[in-house]
Each structure stands twice: as C-alpha cells, then as structure tokens.
Amino acid sequence: MNRFKASKFRHTEARLPRREAWISGIRAGSVTSCGNHVKASCHWIAFNAEAPGVLGIVPLECEDGGKRIISQLCCHSDVVTDFDFSPFEQLLLATGSADETVKVWRLPESGQNFPDGAGLTLGPGGAPVDTLQFHPTADAVLACGAGKRVTVWDLGQQQPLTVLDSHGDQLQSLTWKRDGRLLGTSCKDKKLRIFDPRAGPAASQSVPGHDNNKDSRLLWMGSSDCLISVGFNQMREREVKLWDTRRLSGATLTMALDTSPG
C-alpha cells in the first residue's frame, strides 16, 4: 500500500479570467512602508496611489458591464502607510499615515460621492503609524502600531482599550488571531511577540524571529495555534518560518526563498 497520500492539488492549474473581467489602467504608487498596499472589501478595492496621502478606490463589481471608474480618496497630509476594511461594515475603511494620525472613513455605496472628510480621527500619537488591523470578532475595535507601541482602540468611545508594552525597536507588523483572543507582532529588534490584550499589556510569549532586521511580516494561520513569518536571514535570504505557539522556543520549519539585492 502506498504510504504517501496524493495531493488533491496535484493536477490543478491557474486559469486567467476573461480580459473583460480585468481591472486595468491602475497607476499605483511605490510607497515604502510596513503596511498593506492593497486591500478589498465586498464593495471596494483600495490601493496606494501615486500622490502621497491619497488612496485609489475601485468598485469590486462592474455595473451593467460598464468600465470601472477609479476614484481618489485624499486621506492624509503625508504617506498612507497602512489601511484596513472593517470585517463588520464593508464600507468602513481605517487608514494610518506618517502624519501620525489614524482616520476612519465611511465609503459610499456604488455611484455616490466620496466623503470630503473622515468620520473619525485619532491622534497625532507622537510617531508615524506603521500598521493597523481591525479586530476580527469585536466590532469597532482597531489595533494600531506606531513606533515601538501598539494601541488597541475602541472606535465607538474614541478611547484606547489598552496600550501594550513597548517593543525594543520599530514595529514591523501586527496580526490578530482569527478568534480575536491573541495578537502577534514582529519588530525590528528581531523578536516575535504574542500578547493577550485582555490579560495585560505584557507579552505572554517572546522568541527570536529572523536574524536580519529588514522588513518582516507575521500572520496567523486562521484559528489554529500556528503562525507564519516572512523575513530575512543574515545572508539576506528571504525566508519563511512556521511557528507553533504551544512550543514557541523555535521555528517548527524554515524555508529559504530568494536573496535580497539590497
């Protein structure tokens, strides 16, 4: 009996959609930041535009087979470093910027005018906002990373729920576990940290991550106890590491991808 199970993806291949379904003619910016450069909700696609502080907004669906219109949302006085759609309200968009503020925007339904101003502004907070992410299971809760600090905000009350202990260097990414119980971060001090924000501001676990302090990204694998991090080793090779929070003394698996020229 063959002891190796055949993969169900063995004979799969990618299929390009028809050209009519493509979204073309987008002039995206080349912003350098630790955050996301494109995000989508059930209604809109948002991306960094060429002009600093501006996001391009494109409808996800095209009405009556017409051409998609690219709109601009003038968000901040400086570069937009990260943005995220609410998982509860698909028209709610949070943006963070190098101008040290976080703004929350209510985008219109298709065919309506875009807002002239944000519905809510948080900050300035004393440092550029590097990364942000909505809580996956609690409405109107947003985690923001600025400098060495992570603040979890209650947007309804416009008050911080908690401020996590300071990191050793600039924050590079943060990620909520899908059930919302834990928050993971990666930092320029080459450490990965796990927080339980409800229990207290201190990290419940900490472990050395990647050997190089170039940009890193940490992601939870759904609701499991495992995370994936992407970073660089001392030879400037890009690598992926798999972590199990039940045994966080070291990576479960490490795989090199390519070499960074810079």
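In every chain, residue numbers begin from 1 and rise along the written sequence. A pLDDT threshold of at least 70 governs which residues receive local features in this predicted model, and a stricter bar of 80 or more applies before side-chain atom pairs are shown or counted, although totals over entire chains, interfaces and linings include all residues. For the side-chain quantities, the full set of heavy atoms in the structure was used; hydrogens and water were omitted.

Mind showing me how you'd approach unusual backbone geometry here?
A cis amide bond, omega 5°, links Gly123 with the succeeding residue Pro124. A helix here means a DSSP run of H or I that spans at least four residues, while a strand means a run of E at least two residues long, and both kinds are numbered starting from the N terminus. Among the secondary structure elements, Pro124 is positioned in the loop between strand S8 (120-122) and strand S9 (129-134). Positive phi outside glycine occurs at Gln158, with the angle close to 55°.

Before we go on, may I ask you to explain empty space enclosed by the protein in this structure?
In this approach a probe as big as a water molecule rolls over the atoms, and the regions it shows empty are the leftover space. The definitions used throughout rest on a 1 Å grid laid over the protein atoms alone, on which a cavity is an enclosed set of points accommodating a 1.4 Å probe that cannot get out and a pocket is an open set flanked by protein within 12 Å on both sides along at least five of seven lines; lining residues are those having an atom within 4 Å of a point. Grid points are joined across faces, edges and corners, and a volume is the space filled by probe spheres set on the points. Overall, the coordinates contain two cavities of 30 Å³ or more when judged by the stated rule. Size it by volume and the largest cavity reaches roughly 50 Å³. Lining the largest cavity we find Gln172, Ser186, Cys187, Lys190, Lys191, Leu192, Gly209, His210, Asn212, Asn213, Lys214 and Ser216. Classifying every residue of the lining of the largest cavity by side-chain character gives two nonpolar, seven polar and three charged. Estimates place the volume of the second largest cavity at around 40 Å³. Every residue lining the second largest cavity is listed: Leu192, Arg193, Ile194, Val207, Leu218, Leu227 and Leu248. Under the grouping applied here, Gly and all other residues not named as nonpolar or charged are polar, the nonpolar ones being Ala, Val, Leu, Ile, Met, Phe, Trp, Tyr, Cys and Pro and the charged ones Asp, Glu, Lys and Arg. Of the residues that constitute the lining of the second largest cavity, the class distribution is six nonpolar, no polar and one charged.

Just checking my understanding: could you explain the side chain of Asn233 for this structure?
Relative to the helices and strands, Asn233 resides in the loop between strand S18 (226-232) and strand S19 (237-244). Within the local environment of Asn233, its side chain forms a polar contact with the backbone nitrogen of Glu237, the two atoms lying 2.9 Å apart. Contact definition: two residues touch when any of their heavy atoms are within 4.5 Å. Dropping the residues within four chain positions of it, Asn233 is found in contact with Asp211, Asn212 and Glu239. In protein, a polar contact requires one atom able to donate a hydrogen and another able to accept it; more generally it is a pair of N or O atoms within 3.5 Å, and residues adjacent in sequence count only if both atoms are side-chain atoms.

Just checking my understanding: could you explain the pattern of salt bridges for this structure?
Side-chain pairing between opposite charges can occur once the charged atoms of the two side chains come close. Salt bridges are defined as contacts in which a side-chain nitrogen from Lys or Arg sits within 4 Å of a carboxyl oxygen from Asp or Glu. On inspection of all chains with the given rule, the structure shows nine salt bridges. Ionic pairing is found between Arg193 and Asp189, a salt bridge with its closest N-O pair at 2.7 Å. Since its relative accessible area comes to 21%, Asp189 is described here as partly exposed. Ionic pairing is found between Arg246 and Asp244, a salt bridge with its closest N-O pair at 2.9 Å. The classification of residues rests on relative accessible area computed with a 1.4 Å probe and restricted to protein chains. Under 20% of the type maximum is buried, over 50% is exposed, and intermediate values are partly exposed. For Arg246, a relative accessible area of 58% translates into the label exposed. Taking the relative accessible area as the measure of exposure, Asp244 reaches 4% and is therefore buried. One connected set of salt bridges, linked through shared partners, spans Lys177, Asp225, Asp244, Arg246 and Arg247.

It is not clear to me how the pairing of strand S10 (residues 141-146) should be interpreted in this structure. Could you clarify?
It is a general feature of regular strands that their side chains alternate between the two faces of the sheet. Counting buried positions along S10 gives five out of six residues, so the element sits mostly inside the fold. For two strands to pair, DSSP has to find at least two bridges joining them. With five bridges connecting them, S9 and S10 associate as antiparallel partners. Paired with Val129 across the two strands is Ala146, which belongs to S10. Hairpin connection between S9 and S10: a loop of six residues separates the two successive antiparallel strands, and Ala140 in this loop has a positive phi of roughly 65°. Judged from the six bridges that link them, S10 and strand S11 (residues 149-154) form a sheet pairing that is antiparallel.

Can you help me understand the packing of aromatic side chains in this one?
Each aromatic ring pair is described using two quantities: the centre-to-centre distance and the angle formed by the ring planes. Working definition: a ring pair exists when centres of Phe, Tyr or Trp rings (six-membered ring for Trp) sit within 6.5 Å. Plane angles under 30 degrees give stacked, over 60 give edge-to-face, the rest tilted. A full pass over the atoms with the stated rule returns one aromatic pair. Its guanidinium or amino end placed over the ring of Phe232, Lys214 lies 5.1 Å from that ring's centre, counting from NZ or CZ. For a lysine, the NZ atom is tested; for an arginine, the CZ atom; a charge sits over a ring if that atom is within 6 Å of the ring centre and within 35 degrees of the ring normal.

Even after reading the chapter, I still don't get the sheet that holds S9, so can you show me in this structure?
Across a sheet, strands are paired by hydrogen bonds formed along the backbone, either parallel or antiparallel in direction. Read from one edge of the open sheet, four strands run S9-S10-S11-S12, paired in antiparallel fashion. Two strands bound the open sheet, and with one partner strand each, they are S9 and strand S12 (159-163). On average, adjacent strands in this sheet sit at an angle of 25° to one another, irrespective of strand direction. Here, axes are lines fitted to C-alpha atoms. For helices the fit covers the stretch in contact, and angles between N-to-C directions go from 0 to 180 degrees.

Mind showing me how you'd approach the environment of Ala251 here?
Relative to the helices and strands, Ala251 resides in the loop between S19 and strand S20 (253-259). Residue class for Ala251 comes out partly exposed when judged on its relative accessible area of 31%. Residues Ala251 and Leu227, spaced 24 residues apart in sequence, show a C-alpha to C-alpha distance of 9.7 Å. Ignoring sequence-local partners within four residues, the contact set of Ala251 consists of Lys241, Leu242 and Trp243.

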